[in-house]
Amino acid sequence: GAGVSQSPSNKVTEKGKDVELRCDPISGHTALYWYRQSLGQGLEFLIYFQGNSAPDKSGLPSDRFSAERTGGSVSTLTIQRTQQEDSAVYLCASSLRARGLAGGGGTDTQYFGPGTRLTVL
Amino acid sequence: GQQVMQIPQYQHVQEGEDFTTYCNSSTTLSNIQWYKQRPGGHPVFLIQLVKSGEVKKQKRLTFQFGEAKKNSSLHITATQTTDVGTYFCAGPNNNAGNMLTFGGGTRLMVKP
């Protein structure tokens, strides 16, 4: 089946402009995550949508960053008044369940999209 | 808060040599996952370990979960150029749900 898709694949913008990044998770996946990855660096958690519960926004670096998830499917990450330090690859991931597997001690696998490479000039 | 650390950050090996990356958590983990990210690609799930002391193998890759469930390792025997990439470990975030805390990753470079 189709995996996680993200658009655009590349985005170049000027400092101060707003950008919207889109994520289409795997159909039926309840949980959706956004991460940021600077060149050669690890994954920086941004936000976590967990089914019908309120999203965990604890990773958003400033109030210029916001995200929404409509109808429990598609998600949009918006960055307002972009700065050069916002340049990075923005990765979206989804997993089947919002909560962990009962009794087994396991955690759902996260399936990542190809990412959007954002360049702020 | 919870921290997951990996060492080394980078590793250059000659093709055919072995490679090991180590993952350490500041808290006890119910499980640990490993992901691989090829250059220019996105992280892809490799395996999940759940039991204390568990060892799992995938061809030349051996994954181990520590007895105290606070550390893990990935060992690659006789590396190949196809093993190039960054290997991330990840443990469940203690807060809730399926959130994962990722380690910083170990970037493996293989010289042919």
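Residues numbered from 1 in each chain as written. Chains lettered and ligands numbered in written order. Predicted model: local features only at pLDDT ≥ 70, side-chain atom pairs only at ≥ 80, totals over all residues. Heavy atoms only, no water.

Enquirer: I tried to follow the overall build of chain B on my own but got confused; where do I start?
Expert: Each helix and strand counted, chain B has zero helices and eleven strands in total. Starting at the N terminus, the α and β elements of chain B follow one another as β-β-β-β-β-β-β-β-β-β-β. Expected size for 112 residues packed as a compact globule is a radius of gyration near 13 Å; at 13 Å, chain B falls within 12% of this value. Here the C-alpha coordinates of chain B stretch approximately 45 × 30 × 20 Å along the principal axes. Counting across all 112 residues of chain B, residues that qualify as buried make up 50%. Look at the contacts in chain B between residues 6 or more apart in sequence, and 54% of them connect residues 24 or more apart. Of the roughly 5,200 Å² that chain B leaves accessible, carbon and sulfur atoms contribute 49%. Of the charged side chains in chain B, 11 are positive and 6 negative, and the gap between their average positions amounts to 7 Å. (Helix = DSSP H or I, 4+ residues; strand = E, 2+ residues; numbered from the N terminus. Rg over C-alpha atoms; globule rule 2.2 N^0.38 Å. Buried < 20%, exposed > 50% of the residue type's maximum accessible area, 1.4 Å probe, protein only. Contact = heavy atoms within 4.5 Å. Areas by Shrake-Rupley, 256 points an atom, 1.4 Å probe, with all protein chains shown as cover. Lys, Arg positive; Asp, Glu negative; His and termini not counted. Charge placed at Lys NZ, Arg CZ, Asp CG, Glu CD.)

Enquirer: What is the right way to read the packing of aromatic side chains from this model?
Expert: Each aromatic ring pair is specified by the distance between its two centres and by the angle formed by the two planes. Following the criterion strictly, the structure yields twelve aromatic pairs over all chains and no others. On the basis of an interplanar angle of 55° and a centroid distance of 6.4 Å, the ring pair of W34(B) and F63(B) is categorised as tilted. One end of the pair, W34(B), is in strand β4 (residues 32-37); the other, F63(B), is in strand β7 (residues 61-65), with 29 residues separating them in the sequence. Summarising the burial analysis for this pair, W34(B) and F63(B) share the class buried. Seen from their ring centres, F88(B) and F102(B) are 6.4 Å apart, and the 85° between their planes marks the pair as edge-to-face. Here F88(B) is found in strand β9 (residues 85-92), whereas its partner F102(B) is found in strand β10 (residues 100-102), with 14 residues between them in sequence. The two residues F88(B) and F102(B) agree in class, both being buried. Members of the aromatic cluster, joined through ring pairs, are Y33(A), Y35(A), F45(A), Y48(A), F112(A), Y35(B), F45(B), F88(B) and F102(B). (Phe/Tyr/Trp six-rings, centres within 6.5 Å; stacked < 30°, edge-to-face > 60°.)

Enquirer: I keep staring at the sheet that holds strand β8 (residues 71-76) of chain B and nothing clicks. Help me out?
Expert: Residue and element names in this part refer to chain B. One open sheet accounts for five strands, arranged β1-β3-β8-β7-β6; its pairing is antiparallel. The open sheet has two edge strands with one neighbour each: β1 (4-7) and β6 (55-58). Here the strands of the sheet are splayed against their neighbours by 15° on average, with no regard to which way each runs. In terms of strand pairing, strand β3 (residues 19-25) meets β8 through six bridges, oriented antiparallel. What sits directly across from Y22, in β8, is S73. (Pairing = 2+ DSSP bridges. Axes fitted to C-alpha atoms, helices over the stretch in contact; angles between N-to-C directions.)

Enquirer: I keep staring at the sheet that holds strand β7 (residues 75-79) of chain A and nothing clicks. Help me out?
Expert: Strand-to-strand pairing in sheets goes through backbone hydrogen bonds, with the strands running parallel or antiparallel. Residue and element names in this part refer to chain A. Strand order in this open sheet of four strands is β1-β3-β7-β6, and the pairing throughout is antiparallel. Edge positions in the open sheet fall to β1 (5-7) and β6 (65-69), since each of these has one partner strand only. For this sheet the average axis-to-axis angle between neighbouring strands, irrespective of direction, equals 15°.

Enquirer: Explanation requested: the interface of chain A and chain B in the structure shown.
Expert: Often, the extent of an interface is quoted as the loss of accessible area upon association of its parts. If you look at the interface, chain A gives 26 residues, while chain B gives 20 residues. Buried surface at the junction of chain A and chain B, both sides included, amounts to about 1,800 Å², of which 53% is carbon and sulfur. Among the residues of chain A in contact with chain B, L43(A), T107(A) and F112(A) are the three that bury the most area, contributing 30% of the side total. On the surface where chain A and chain B come into contact, there are three residue pairs in polar contact (both at pLDDT 80 or more). Of all the elements in the fold, those that place two or more residues in the side of chain A that touches chain B are β4 (31-37), β5 (44-50) and β8 (88-95) of chain A. Considering every element that reaches the side of chain A that touches chain B, the biggest residue donor is β4(A), with three residues. Tallied by class, the residues present in the side of chain A that touches chain B amount to nine nonpolar, 13 polar and four charged. (Buried area = accessible area lost by both parts, 1.4 Å probe. Polar contact = N/O pair within 3.5 Å; in protein donor to acceptor, adjacent residues only side chain to side chain. Nonpolar A, V, L, I, M, F, W, Y, C, P; charged D, E, K, R; others polar.)

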